[in-house]
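Now for the letters of each chain:
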Amino acid sequence: MKIALLGAGHIGQTIARLLHVSGDYRVTVLDKSAGSLAKLAAEGIATQQVDTESKPALAAALRGNDAVVNALPYHLAITAAQMALETGCHYFDLTEDVAATKAIMQMAEGAKTAFMPQCGLAPGFIGIVAQHLAKGFDSLQDVKMRVGALPAFPTNALKYNLTWSVDGLINEYCHPCEAIHDGQTINALPLEGLEHFSLDGTEYEAFNTSGGLGTLCETLEGRVKNLDYKTVRYPGHRDLMMFLLGDLQLKNDQEALKNIMRKSMPATMQDVVLVFVTVSGMKNGALLQEVFARKIFAERDAAEPLSAIQITTAAGICAAVDLFREGKLPQSGFIRQEQVELPDFLANRFGRAYQQSRQVESIG
């Protein structure tokens, strides 16, 4: 299967290596940065320097491929999907942007090729888990989805290091958050809905952020009373972000905030990804709750160390492409993450990355 992989950043490079070494994919990585492509080229992976923001240049580079895997910043998702449609390629991406996903859903109507956005961690794997648990209930009460990509050793006041795209981070902090409350679909405010919990002896906070639900609101509408997604951080992070975005009005100058964070907040490869889903409802006449919890850790011993967010994000989209290639997903039109069967995902050679975890000792 010939893959055009857009983006040679940290996540893109991890995706490229996973697909390349599998032996089932002929991958060409497209990026406008020659420096970012050089390392992959040295490893024997095909690369092509392309202005990925130029529709004509991108279309020319995509022709002849079977599928596009998009690991570019979220604001380029619509352009990439349009060019995939124009060139007859299947399309997969990592976007958490709600507007981009809705636009891609419209593109996919009547398309002969497949369009599967949101193939990462959240949205992505988290929706697969929630749908799997929800299907086991006769009726649903609450579906709560919590995800955090966190530094293993926080040292600053925000208790945070850059573990993934700062563009995506600020985007999810600034846009309305879809949810279902008392059976009605609503838009909740970002950074609101603060809650605290303990997992494995560590204290966390969680609050509303945009995009993590993917298409679950539509899928579970009319079936669930309450459905929400919240981002997990260490206590105190939310209040400082509200100060920056609200009191200092940096929500109106997001580029300034992004620049500040890039210059003053170091990235880290020593991180942990937390996945925590609870579903409650009626089953066989009794009100029950089921919980899915995982902690995925960075890989520090390998020749090429990987952060937990690299592992989980790349595994998510590679598993989606792999399951599609194996015929376990629809072959045309729009594909929702929740159409993936969790057992199939976890059994997949890429999805197995989500199997590593530490026993959960306490939930409070």
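Cut-offs applied
Residues numbered from 1 in each chain as written. Predicted model: local features only at pLDDT ≥ 70, side-chain atom pairs only at ≥ 80, totals over all residues. Heavy atoms only, no water. Phe/Tyr/Trp six-rings, centres within 6.5 Å; stacked < 30°, edge-to-face > 60°. Helix = DSSP H or I, 4+ residues; strand = E, 2+ residues; numbered from the N terminus. Buried < 20%, exposed > 50% of the residue type's maximum accessible area, 1.4 Å probe, protein only. Lys NZ or Arg CZ within 6 Å of the ring centre and 35° of its normal. Pairing = 2+ DSSP bridges. Contact = heavy atoms within 4.5 Å. Axes fitted to C-alpha atoms, helices over the stretch in contact; angles between N-to-C directions. Core = buried A, V, L, I, M, F, W, Y, C linked by side-chain atoms within 4.5 Å. Salt bridge = Lys/Arg side-chain N within 4 Å of Asp/Glu carboxyl O. Polar contact = N/O pair within 3.5 Å; in protein donor to acceptor, adjacent residues only side chain to side chain. Right-handed = clockwise from strand over helix to strand, strands pointing away. Parallel < 35°, antiparallel > 145°, perpendicular 65-115°, else oblique. Left-handed = near helix turned anticlockwise from the far one by under 90°. Nonpolar A, V, L, I, M, F, W, Y, C, P; charged D, E, K, R; others polar.

**Q** What am I meant to see in the packing of aromatic side chains here?
**A** Applying the stated rule across the entire model yields ten aromatic pairs. On the numbers, 6.0 Å between centres and 35 degrees between planes, the contact of tyrosine 91 with phenylalanine 115 is tilted. Here phenylalanine 115 lies in strand β6 (residues 114-116) and tyrosine 91 lies in strand β5 (residues 90-93), a separation of 24 residues in the sequence. As far as the burial class goes, tyrosine 91 and phenylalanine 115 line up, both buried. An aromatic cluster of at least three residues, connected via ring pairs, comprises Phe125, Phe292, Phe345 and Tyr354. Lying across the ring of phenylalanine 137, lysine 283 places its NZ or CZ 4.7 Å from the centre.

**Q** I'm lost on the sheet that holds strand β1 (residues 2-6) in this one. Help?
**A** Sheets are built from strands that pair by backbone hydrogen bonding, the pairs being arranged parallel or antiparallel. An order of β3-β2-β1-β4-β5-β6-β15 is seen for the seven strands of this open sheet, with the pairing classed as parallel. Each edge of the open sheet carries a strand with a single partner, namely β3 (46-49) and β15 (333-334). Sheet analysis places β1 next to strand β2 (residues 26-31), joined by five bridges and oriented parallel. By the bridge assignment for β2, leucine 5 is matched with valine 29. Running over the sheet, helix α1 (residues 10-22) touches β1, β2 and β4 (67-70) and is turned about 165 degrees from β1.

**Q** Whenever I open this one, the nonpolar core confuses me. Can you help?
**A** Soluble globular proteins tend to pack their nonpolar side chains together in the buried interior. Counting residues in each nonpolar core, the largest one holds 71 residues, and the members touching the most others are Ile15, Met145, Leu227 and Val277. Sort the elements by how many residues they give to this core and helix α11 (residues 308-325) lands first, with twelve residues. For isoleucine 15, the contacting residues outside a window of four places in its chain are Leu5, Val69, Ala71, Leu94, Ala314, Ile317 and Cys318. Ala81, Met107, Ala108 and Ala111 belong to the second largest nonpolar core, which has 26 residues in total.

**Q** Sorry, what's going on with the pattern of salt bridges here?
**A** Side chains that differ in sign of charge can pair as their charged atoms come close. Throughout the structure, instances matching the rule amount to 22 salt bridges. A salt bridge links aspartate 239 to arginine 238; the shortest N-O distance between them is 3.1 Å. What makes aspartate 239 partly exposed here is its relative accessible area of 46%. A relative accessible area of 10% means that arginine 238 is categorised as buried. Linking glutamate 326 and lysine 328 is a salt bridge whose minimum nitrogen-to-oxygen distance equals 3.7 Å. In this structure, a network of salt bridges that share partners links the residues Lys144, Arg146, Glu195, Asp228 and Lys230.

**Q** Looking at this structure, how should I read the side chain of asparagine 161?
**A** When you line up the elements, asparagine 161 lands in the loop between β7 (139-151) and α7 (166-174). With relative accessibility at 8%, the residue asparagine 161 sits in the buried group. Separated by 3.1 Å, the side chain of asparagine 161 and the backbone oxygen of proline 266 make a polar contact. In contact with asparagine 161, other than residues within four places in its own chain, are Pro151, Met265, Pro266 and Thr268.

**Q** For this particular structure, what's the right way to read the pairing of β3?
**A** A regular strand places its side chains on the two faces of the sheet in alternate fashion. Bridge analysis of β2 against β3 gives four bridges, and the strand direction is parallel. Considered in β3, the bridge of leucine 30 is made with glutamine 48. Handedness of the crossover joining β2 and β3 through helix α2 (residues 34-42) is recorded here as right-handed.

**Q** Help me out: how do you make sense of the environment of alanine 188 in this one?
**A** The topology assignment puts alanine 188 in strand β9 (residues 184-188). Beyond its immediate sequence surroundings of up to four residues, alanine 188 is in contact with Pro176, Cys177 and Asn208.

**Q** In this structure, what is going on with the packing of helix α4 (residues 77-86) against helix α5 (residues 98-108)? I would like to understand it.
**A** The packing of two helices is summarised by the inter-axis angle and the distance between the axes. Two elements in contact, α4 and α5, have axes whose closest approach is 9 Å; the angle formed by their N-to-C orientations is 15 degrees. The pairing of α4 with α5 is recorded here as roughly parallel in orientation. As α4 packs across α5, the resulting crossing turns out to be right-handed. Contacts between α4 and α5 involve Ala77, Ile78, Ala81, Gln82 and Leu85 on the former and, on the latter, Ala100, Ala103, Ile104 and Met107. Residue composition of the contact of α4 with α5, grouped by class: eight nonpolar, one polar and no charged.

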